[in-house]
Amino acid sequence: MKRLILLFMITGFAQISFAQQTQKILEKTNVNHFYTCSLDQLLDTVSMTYHLNIVFERDSVSKFDVAEHFFNETLKFVLNKVCADNRLHYWVESDGTIYILQNTDDLGRLKTLNQLKHTLLGQVKLQVEEPKAPPMHFKFSITGKVVDQNSGEPLPSATVKIRNSNLSTTSGIDGNFILFDIPSDTCVVQVFYSGYQPDYVRLDASKIKKPVVLEMFKALNTLNEVTITGKKSGVMNTDTKKVGVLELNPTSLDKLPNVGEKDILRAFQLMPGVSATNESSSGAYVRGGTPDQNLVVFDGFTVYQVDHLYGFFSAFNSNAVKDVQMYKGGFSALYGGRLSSVTEINGRDGNKNEANYGVDLSLLSLNAFAEIPVNDKSNLVLAVRRSYQGPFYDKIFNQFNTSTVKSGGGPGGGPGGGGFGGPGGPEQTTPASHFYDADLRYTYHLDKNDLVTWSLYNGEDKTDNSRALQIPSFLSSSVGNINITDYTKYGNLGSSVKWFRKWDKNIYSNTYITYSSYFNDRNRSTSGTTDDSNGDPQSFENGTVENNSLHDVGIKSEWNWVFSNRLKLLFGGFATRQNTSYQYIQNDTSKLIDQHNTAFSGGGYAELEIDPNSKLHLQPGLRTTWYGPTGKLYAEPRFSASYVLDDHYTLKAATGQFYQFINQVTREDIVNGNRNFWVLSNNSSIPVGMATHFMGGVSYENDQFLIDVEGYYKILSGLTQYTISQAGFAPGNTTSSITQDFYNGSGRAEGIEVLLQKKLGNYTGWISYTLGNAQNKFAVYGNSYYPADQDIRHEFKSINMYHYDRWNFSAVWIFSTGHPYTAPLSTYTINTPDGNVASAFTVSGKNAERMPDYHRLDLSATYDLLKINGNKTGSIGLSLFNVYNHTNTWYKEYQLQGYQAITTDVSYLGFTPNITLSLRWK
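Residues numbered from 1 in each chain as written. Predicted model: local features only at pLDDT ≥ 70, side-chain atom pairs only at ≥ 80, totals over all residues. Heavy atoms only, no water.

1. What to know about the overall build of the protein
Stage number 1. Scanning the protein from terminus to terminus reveals eight helices and 53 strands.
Stage number 2. Taken over 922 residues, the protein has a buried fraction of 55%.
Stage number 3. Carbon and sulfur atoms form 56% of the exposed surface of the protein, whose accessible area is close to 37600 Å². (Helix = DSSP H or I, 4+ residues; strand = E, 2+ residues; numbered from the N terminus. Buried < 20%, exposed > 50% of the residue type's maximum accessible area, 1.4 Å probe, protein only. Areas by Shrake-Rupley, 256 points an atom, 1.4 Å probe, with all protein chains shown as cover.)

Written out as structure tokens, the structure reads:
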């Protein structure tokens, strides 16, 4: 009777995958038996009785004895019990095989053992069921969706192939795919995705009549064979057929060292062409570009501020992110409004089958999330982060507490590390900061063709860098106390409603209504006492308040029309209304700058993806934008191509024209440090920015290694820099005046990037080298090009990861030459028309000085927490940042007091440990 019941169960499960059949047998089969034997004998009995393929290493498993009476317990309980008692794990592969593991790394060896066993027995181990009937349909198309088997969440960028053919495609953002010209209805569909087991589905006459749902099982957190060229399962991957495309796997970020926690934007900084030396910003400095020239899109809306906590965190919670791609240049006509690059981030859809919860706790922040199925048609994802400043936080930032000053004599001092020479070291300060952010994503399935998603993001930072300025001993007789107030508050609010509609099997669209806002408020003032010419103490107070805000409301619709396996059309339209405001107030009374600007823009795009044959890929496109303030239509042609020379070598190239209508201009301030704020282009002082990209490369790839070399050249115009000139600044004088000027210029950037990546094995990682040159030319500084603020000539990165059992170790070393800066050379005094004496200073050539070379070593170790069935339930990680405590200079700040220039060197983080505990439960 038991065998008849089991046969009925297997027959009933014939329409589901082998792994699902095995799971159902484990959950539905009850055991009522008393076992007194060795563990290997128990497993043999279970395997024969219930027709399960159980693979284990007999020599080690036979050493364990079992004496247990199971009273009507499920087979799943039996496996859990005997494995837990003997410190073992079991794992169910996608082919239904059960592997008994002492260490997670045993899986690869046991899979080889299983294949050898079938070979010796003359058996063919089936990955997929045999055809049920002769083929009946030929040359047809299929549509489908790739999803996570456990959660039902769509999996984007999965590779879907027809076995033994050249037919292949990749799933879209929502997991959907389409394949044309399927040879017959007995073909096998293969699907591959990073972090999941390969899956195989046999087509038949009934399956091709409806969308094919490919449910993928997660891979064990160990080494996994990659059976399709070009698809890696690492932390960071490149698309060898496209120029400058990076793909990030957020689930693997805990394998890399981090300052605070897993960080998707900082992970990109470890790749060539993306600067990794600006610790004060998570913004992307891509191929000589600036962060404002990098478009950051989260669920369809633009994010204008991507930093938290002085740049130590990015604004994006990795627990709320499903998929991230960065385009380092020459990007698709789908994207516009930026001159340099694009970062597209898609939020998690969440688990629609069961509730999941998780928490990440580190020395700096608390991160909690929940995935909740609301009903059978909708589900909710909620993620919240908050930093806290406790004893560990204070200890980590202890190096900022050491305050010494470097100052020099009178006028005529020469250039140097601090600008003036003399005794003392750099003064360093401790910023007191905290932040929070929250992500909310609600998904509702209207029907099989319509899906609505509401996404909400809110984040805010408060940073207080106020301090008392220490006075050098030779000035203490004439200068009393000096207090600096430096308070900053900034944040983002963004939201979108997306309607996904499948109009036909080969036509679908994503339509968004978006809102995004940003604010940045700063209060910077100085107060204190100083002696006048008669030696009498005199109080002074001066300072500025800056307020910058931005509001962005838009609508866009993006369409995909797939004509065949070799031809696809992407097209759509967009409209946006933006408003910016910037106020500059001096001494709480004088509103020196009060700008309010509004702009409307709209347009459309069209792009073809053409594959004339299996080797050549062409992607021509055109984007047009009408911009209200100038009343002009801007056309942006784009083109990219790749050619596969053979199984290993690929050539690729891209070019295009790009416009930017909203800019984060730099207000240069040598004394207090540069400041940035957002402004809209107009028809006069702030031109529309334009860039032309030329890039190309070649890649070599085999099963183990990838070598990728790319070069780029960019021409930029319409760059804007903003300068405030302050007159009448002197101790005791509060009647200074402000003159503001917008300067326009051009730029160029060129470079070569080399990447060598090891993809598989216990040891993986990559090394990269970038030779870059970013230059600007502004007439106000002369007729010659000078190094741009973000210019880095040489940058080398070595990323090393080693996997052993449940442990993941990593070591990251970064080296780069220093950033350029402009320094005061000497001070002098002038007599003002009102009879007062004021200080002034001469400066070096524009960005003529260089910071010292930057380098640091980061280490980390992570231990995975696993259930008996091999599923990951969390991890414990130790991360060491800047292990050898090298002092890397952030920027130099200058204060003019008593006709002296006091130099403050503000440095990046020194040695910083961090511990992170991550837990997941259902």
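From this point, the discussion proceeds with the structure in view.
2. What to know about the sheet that holds strand β2 (residues 54-55)
Stage number 1. Taken in spatial order, the three strands of this open sheet run β2-β5-β4, and their pairing is mixed. With one partner strand each, in any of the chains shown, β2 and β4 (89-92) form the two edges of the open sheet.
Stage number 2. Across four bridges, the pairing between β4 and strand β5 (residues 98-101) is antiparallel. Bridging across to β5, H89 finds its partner in L101.
Stage number 3. Those strands touched by helix α2 (residues 18-28) are β4 and β5, and its axis lies near 130° from that of β4. (Pairing = 2+ DSSP bridges. Contact = heavy atoms within 4.5 Å. Axes fitted to C-alpha atoms, helices over the stretch in contact; angles between N-to-C directions.)

3. Concerning the pattern of salt bridges
Stage number 1. One pass over the full model with this rule turns up 31 salt bridges.
Stage number 2. Put simply, K922 and E354 hold a salt bridge, and the shortest N to O gap is 2.9 Å. Placement of the pair is K922 in the segment after β53 (912-921) and E354 in the loop between β20 (341-347) and β21 (356-362), with a sequence separation of 568 residues.
Stage number 3. When its relative accessible area of 53% is taken as the criterion, K922 is described as exposed.
Stage number 4. Linking K568 and E609 is a salt bridge whose minimum nitrogen-to-oxygen distance equals 3.7 Å. Residue K568 is located in strand β31 (residues 567-586), and its partner E609 is located in strand β32 (residues 590-610); the two are separated by 41 residues in the primary sequence.
Stage number 5. Relative accessible area serves as the criterion here: at 24%, K568 is assigned to the partly exposed category.
Stage number 6. Residue E609 is classed as buried on the basis of its relative accessible area, which comes to 17%.
Stage number 7. Through salt bridges with shared partners, a single network forms among R287, K328, K652, D708, E710 and E753. (Salt bridge = Lys/Arg side-chain N within 4 Å of Asp/Glu carboxyl O.)

4. Here we look at the sheet that holds strand β8 (residues 168-170)
Stage number 1. Taken in spatial order, the four strands make up an open sheet running β8-β7-β10-β11, and their pairing is antiparallel. Each end of this open sheet is capped by a strand with a single partner; those strands are β8 and β11 (199-202). Averaged over all adjacent pairs, the angle separating strand axes in this sheet is 20°, with direction ignored.
Stage number 2. Relative to β8, strand β7 (residues 159-162) runs antiparallel, the two sharing three bridges. Its bridge partner lying in β8, V160 is registered against T169.

5. Overview of unusual backbone geometry
In terms of backbone geometry, most residues other than glycine have negative phi values and most peptide bonds are trans.
Stage number 1. With phi around 55°, N72 is a residue other than glycine that occupies positive phi space.
Stage number 2. Following the sequence through the fold, N72 ends up in strand β3 (residues 65-74).
Stage number 3. Despite not being glycine, D181 has its phi angle at roughly 55°, a positive value.
Stage number 4. Residue D181 is classed as partly exposed on the basis of its relative accessible area, which comes to 42%.

6. Notes on the nonpolar core
Stage number 1. I264, F316 and I345 are the most contacted members of the largest nonpolar core, which totals 35 residues.
Stage number 2. Elements with a minimum of two residues in this core: β14 (245-248), α7 (264-268), β15 (294-298), β19 (321-327), β43 (794-804) and β44 (807-816).
Stage number 3. If one sorts the elements of this core by residue count, α7 sits on top with four residues.
Stage number 4. With residues up to four places along the chain from it excluded, the contact list for F316 reads I264, L265, V296, F298, V303, V306, I345 and R385.
Stage number 5. Ranked by size, the runner-up nonpolar core spans 28 residues in total, among them V61, C83, Y90 and I98. (Core = buried A, V, L, I, M, F, W, Y, C linked by side-chain atoms within 4.5 Å.)

7. Some words on the packing of aromatic side chains
Stage number 1. Counted according to the given criterion, the structure contains 29 aromatic pairs.
Stage number 2. Each ring, one from F298 and one from F316, has its centre 5.6 Å from the other, and the planes form 65°; the classification is edge-to-face. Note that F298 is positioned in strand β15 and F316 in the loop between β18 (313-314) and β19, a separation of 18 residues in sequence. Accessibility classification places F298 together with F316 in one group, the buried group.
Stage number 3. Measuring from centroid to centroid gives 6.4 Å for F778 and Y781, while their planes differ by 70°, and the two rings are edge-to-face.
Stage number 4. Cluster of aromatic residues (ring-pair linked, three or more members): F298, F301, F316 and Y457.
Stage number 5. In this structure, K556 packs its charged tip against the face of Y512, placed 5.2 Å from the ring centre.
Stage number 6. Of note, R748 hangs over the ring of Y785, and the distance from its end group to the ring centre comes to 3.8 Å. (Phe/Tyr/Trp six-rings, centres within 6.5 Å; stacked < 30°, edge-to-face > 60°. Lys NZ or Arg CZ within 6 Å of the ring centre and 35° of its normal.)

8. A word on empty space enclosed by the protein
Stage number 1. In this structure the tally under the stated criterion is 12 cavities of 30 Å³ or more.
Stage number 2. Of the pockets and cavities examined, the second largest cavity occupies roughly 720 Å³.
Stage number 3. Considering the residues around the second largest cavity, the lining is formed by 47 residues, among which T302, G336, K556, T576 and R623 are closest to the centre.
Stage number 4. Top element by residues in the lining of the second largest cavity is strand β30 (residues 537-564). It accounts for six residues.
Stage number 5. Residue composition of the lining of the second largest cavity, by class: 17 nonpolar, 18 polar and 12 charged. (1 Å grid on protein atoms, 1.4 Å probe; cavity = no way out; pocket = protein on both sides within 12 Å on 5 of 7 lines; lining within 4 Å. Points joined across faces, edges and corners; volume = space filled by probe spheres on them. Nonpolar A, V, L, I, M, F, W, Y, C, P; charged D, E, K, R; others polar.)

9. Concerning the packing of helix α3 (residues 39-50) against helix α5 (residues 75-85)
Stage number 1. Between α3 and α5, the shortest axis-to-axis distance is 12 Å and the interhelical angle comes to 165°. Taken together, the axes of α3 and α5 are roughly antiparallel relative to one another. Crossing of α3 over α5 shows left-handed handedness. The segment α3 lies against α5, with L39, L42, L43, V46 and Y50 engaging L75, L79 and V82.
Stage number 2. The class makeup of the residues in the contact of α3 with α5 is eight nonpolar, no polar and no charged. (Parallel < 35°, antiparallel > 145°, perpendicular 65-115°, else oblique. Left-handed = near helix turned anticlockwise from the far one by under 90°.)

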